[in-house]
Amino acid sequence: QVQLAESGGGLVQAGGSLRLSCTCTGPGQTFDNAAMGWFRQAPGKERTFVSVINRSGSTDYYADSVKGRFIISRDNAKNTVYLQMNSLRPEDTAVYFCAAARDSVVLITKGPDYWGQGTQVTVSP
């Protein structure tokens, strides 16, 4: 019943910016009760954690590779989580997946309960 849908991927040059969006649909309290995050998967590599935000939006956490460049946020009224990506590098090229879990620790340590379909981000040198 729960579905996540990403948008906002595309092709940019190194140093550019993109903003990804993910909208959650499902039971009325699904989004408000869930930690939301982002993972990415580059060609030939494992899917890795990027960022997570707690249910109220008061706490967030980032992988070292994106700290200072990416910002995660959420709008519970719109059932939407965002990932603002700045100062993009070619190594950021990957399919980016929206994810949800009951809390932030579970999302990072055990994995998400729900995944989006992914959106391609390509950064040219």
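What you see is a predicted model, and the numbers here were worked out from it, not measured in a lab.

Draft legend 1. View of the pattern of salt bridges. As enumerated under the stated definition, the model contains three salt bridges in all. Between Asp92 and Arg40 there is a salt bridge, and its shortest N-O distance comes to 2.9 Å. Separated by 52 residues along the polypeptide, Asp92 in the loop between strand E8 (80-85) and strand E9 (94-101) and Arg40 in strand E4 (residues 35-41) bring together distant segments of the chain. Among the ionic pairs, Asp92 bridges to Arg69, the shortest N-O distance being 2.7 Å. In this pair, Asp92 is assigned in the loop between E8 and E9 and Arg69 in the loop between strand E6 (60-62) and strand E7 (70-75), connecting sequence segments 23 residues apart. The class of Arg69 is buried, set by a relative accessible area of 7%. Within this structure, Arg40, Arg69 and Asp92 form a network of salt bridges that share partners.

Draft legend 2. A look at the environment of Ser51. For Ser51, the location among the structural elements is in strand E5 (residues 48-53). We classify Ser51 as buried; its relative accessible area is 0%. Sequence separation between Ser51 and Gln29 is 22 residues, and the spatial gap between their C-alpha atoms is 22 Å. The residues touching Ser51, leaving out its near neighbours within four places in the chain, are Met36, Gly37, Trp38, Tyr61, Tyr62, Ile72 and Leu83. Polar side-chain contacts of Ser51 include one of 3.0 Å to the backbone oxygen of Tyr61.

Here is what the cut-offs are and how they apply
- Residues numbered from 1 in each chain as written.
- Predicted model: local features only at pLDDT ≥ 70, side-chain atom pairs only at ≥ 80, totals over all residues.
- Heavy atoms only, no water.
- Salt bridge = Lys/Arg side-chain N within 4 Å of Asp/Glu carboxyl O.
- Helix = DSSP H or I, 4+ residues; strand = E, 2+ residues; numbered from the N terminus.
- Buried < 20%, exposed > 50% of the residue type's maximum accessible area, 1.4 Å probe, protein only.
- Contact = heavy atoms within 4.5 Å.
- Polar contact = N/O pair within 3.5 Å; in protein donor to acceptor, adjacent residues only side chain to side chain.

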